Amino acid sequence: RWLFAASAFGCALAALTTVQADEFVTTEDAQMVGLDNWSTEPVFTIGETFDGYRPPGVPDGMGAYALDASTVRVLVNHELNEGLGYNYTLANGVQLTGARISYFDLDRDTRAVCAAGPAYDTIYDRAGDVVTDPAQVNEDGVDIDGLSRLCSARFVSAGEWGFENDLFLSGEETSQSFHPHGGTEWVLDVVNRELWAAPMLGRGAWENVTPVDTGSDRHIGLLLGDDTQAAPLYLYIGTKRRRGTLLERNGLTNGRLYVWVADSGANSPQAFNGKGNTLEGRFVRVRQYIRGRAGREGWDSLGYADQNNLFAQADGAGAFQFSRPEDLHENPFDGTQVAFASTG
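Note that the structure is a prediction, hence the values are computed from the model and not measured. (Residues numbered from 1 in each chain as written. Predicted model: local features only at pLDDT ≥ 70, side-chain atom pairs only at ≥ 80, totals over all residues. Heavy atoms only, no water.)

*Asks:* Tell me what's going on with the side chain of Thr239, and back it up with residues and numbers.
*Replies:* Within the secondary structure, Thr239 is located in strand 14 (residues 233-239). Overall, Thr239 belongs to the buried group, its relative accessible area being 18%. (Helix = DSSP H or I, 4+ residues; strand = E, 2+ residues; numbered from the N terminus. Buried < 20%, exposed > 50% of the residue type's maximum accessible area, 1.4 Å probe, protein only.)

Written out as structure tokens, the structure is:
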């Protein structure tokens, strides 16, 4: 906590027109060239160390917000498999390998890095318990394996589309072929440095999620993209609670999961394709949690459906099977419109 506060204060002191001694700018060349009047300015290269912290590599999803008047905090996923990367240690002494989230504080004037480090020091597992054993994260009891392949991400500001807190949404892009039940969506409380599993969002090889406008102050909505060869497009609608945990206040514990079904019965890109074509449909509910089925085939020990179970339910509902839906984002001027890439 002290390092966090001191780092932010250090950025404010260094808000000058030249890089100061306590700031960092890479000496490596840029890997892209700006067009027309645009230019590029690299600030950090993987393999370098700042103030004792060396980001482990494979940067992927990012989010940014104003930490204070002179500092921008950039959150960065590292898409490592659960057993890769050097060990890092949580506040309670638990050591983990694998994917993780770093922060980089950038001076708004100099664009230099003035602080960097792990973005969280506490993890809450799928049961809502503080992680004291790596098995609570990897779910198979393998050594100190941690999170798996945190991929694309989305930062949501407090008040944006009904959310109550500043959140960094980050999912594990791992399928049931490589993980006991499929990947988990994780939610970073950026203020309290806590990472929460959000099991009600379902299991999948999560690429990205994006909020949508539900038209209600009591509800939040998320579209979720499972980066699998043939996967449904999921919609989660959650009801917020006035009090409770971070997840409860933001509608991430009391909600329903839906899949998109075409009215025409088309269920694959082979049945619907072509430039400029449109297809109408609706969202149909699937059951991502039934406590009474905990431990049965297709359900984990808490009663959450695994990825294959959700696929089977979606198939039974006639859901359209997109070809790897990735990188979703709502129209910032109209939260009822969303664009995403389908990478095939």
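*Asks:* Go over the layout of surface pockets with me, naming the residues and quoting the values.
*Replies:* Of the volumes computed, that of the largest pocket is approximately 760 Å³. The wall of the largest pocket is formed by 21 residues, among which Glu41, Pro42, Val43, Phe44 and Met62 lie closest to the centre. Those elements that provide at least two residues to the lining of the largest pocket are strand 1 (59-68), strand 2 (71-78) and strand 5 (100-107). Top element by residues in the lining of the largest pocket is strand 2. It accounts for three residues. The calculated volume of the second largest pocket comes to roughly 350 Å³. Leu223, Leu233, Trp260, Phe283 and Val338 are, among the 16 residues lining the second largest pocket, the residues nearest its centre. Mapped onto the lining of the second largest pocket, the elements with two or more residues apiece are strand 14 and strand 18 (334-342). With five residues, strand 18 is the largest single contributor of residues to the lining of the second largest pocket. Here the residues of the lining of the second largest pocket are counted per class, giving twelve nonpolar, three polar and one charged. (1 Å grid on protein atoms, 1.4 Å probe; cavity = no way out; pocket = protein on both sides within 12 Å on 5 of 7 lines; lining within 4 Å. Points joined across faces, edges and corners; volume = space filled by probe spheres on them. Nonpolar A, V, L, I, M, F, W, Y, C, P; charged D, E, K, R; others polar.)

*Asks:* So what about the sheet that holds strand 9 (residues 167-172)? Which residues, and what values?
*Replies:* Reading across the sheet, the five strands line up as 7-11-10-9-8 and stay open at both edges, with mixed pairing between neighbours. Two strands lie at the open edges of the sheet, namely strand 7 (122-124) and strand 8 (150-156), each paired on one side alone. Along the sheet, successive strands turn relative to each other by an average axial angle of 20 degrees, direction set aside. When strand 7 meets strand 11 (residues 194-197), the two strands line up parallel, connected through three bridges. Of the residues in strand 11, the one forming a bridge with Ile123 is Leu195. (Pairing = 2+ DSSP bridges. Axes fitted to C-alpha atoms, helices over the stretch in contact; angles between N-to-C directions.)

*Asks:* Describe the side chain of Glu173, with residues and values.
*Replies:* Relative to the helices and strands, Glu173 resides in the loop between strand 9 and strand 10 (185-189). Not counting residues up to four positions away in its chain, the partners in contact with Glu173 are Glu79, Ser148, Arg149, Cys151, Ala205, Trp206, Glu207 and Asp227. (Contact = heavy atoms within 4.5 Å.)

*Asks:* Quick one: what's the story with a positive patch on the surface, residue by residue and with numbers?
*Replies:* A grouping of Arg256, Arg285, Arg287, Arg293 and Arg296 is seen on the molecular surface, where their side chains present a positively charged patch. By secondary structure assignment, the location of Arg287 is in the loop between strand 16 (281-286) and helix 4 (307-316). (Patch = residues over 30% accessible without salt bridge, like charges linked within 9 Å, V, L, I, M, F, W, Y side chains within 5 Å. Areas by Shrake-Rupley, 256 points an atom, 1.4 Å probe, with all protein chains shown as cover. Salt bridge = Lys/Arg side-chain N within 4 Å of Asp/Glu carboxyl O. Lys, Arg positive; Asp, Glu negative; His and termini not counted. Charge placed at Lys NZ, Arg CZ, Asp CG, Glu CD.)

*Asks:* Help me get a handle on the packing of aromatic side chains, residues and values and all.
*Replies:* All chains considered together, the criterion is met by 13 aromatic pairs. Look at Tyr88 and Tyr120: their rings are 6.1 Å apart centre to centre, the planes differ by 80 degrees, and that puts the pair in the edge-to-face class. On the criterion of sequence distance, the pair formed by Tyr88 in strand 3 (residues 88-89) and Tyr120 in the loop between strand 6 (113-118) and strand 7 is long-range, its members being 32 residues apart. Residue classification places Tyr88 among the buried residues on the basis of a relative accessible area of 8%. According to the relative accessible area criterion, Tyr120 is buried, its value standing at 4%. (Phe/Tyr/Trp six-rings, centres within 6.5 Å; stacked < 30°, edge-to-face > 60°.)

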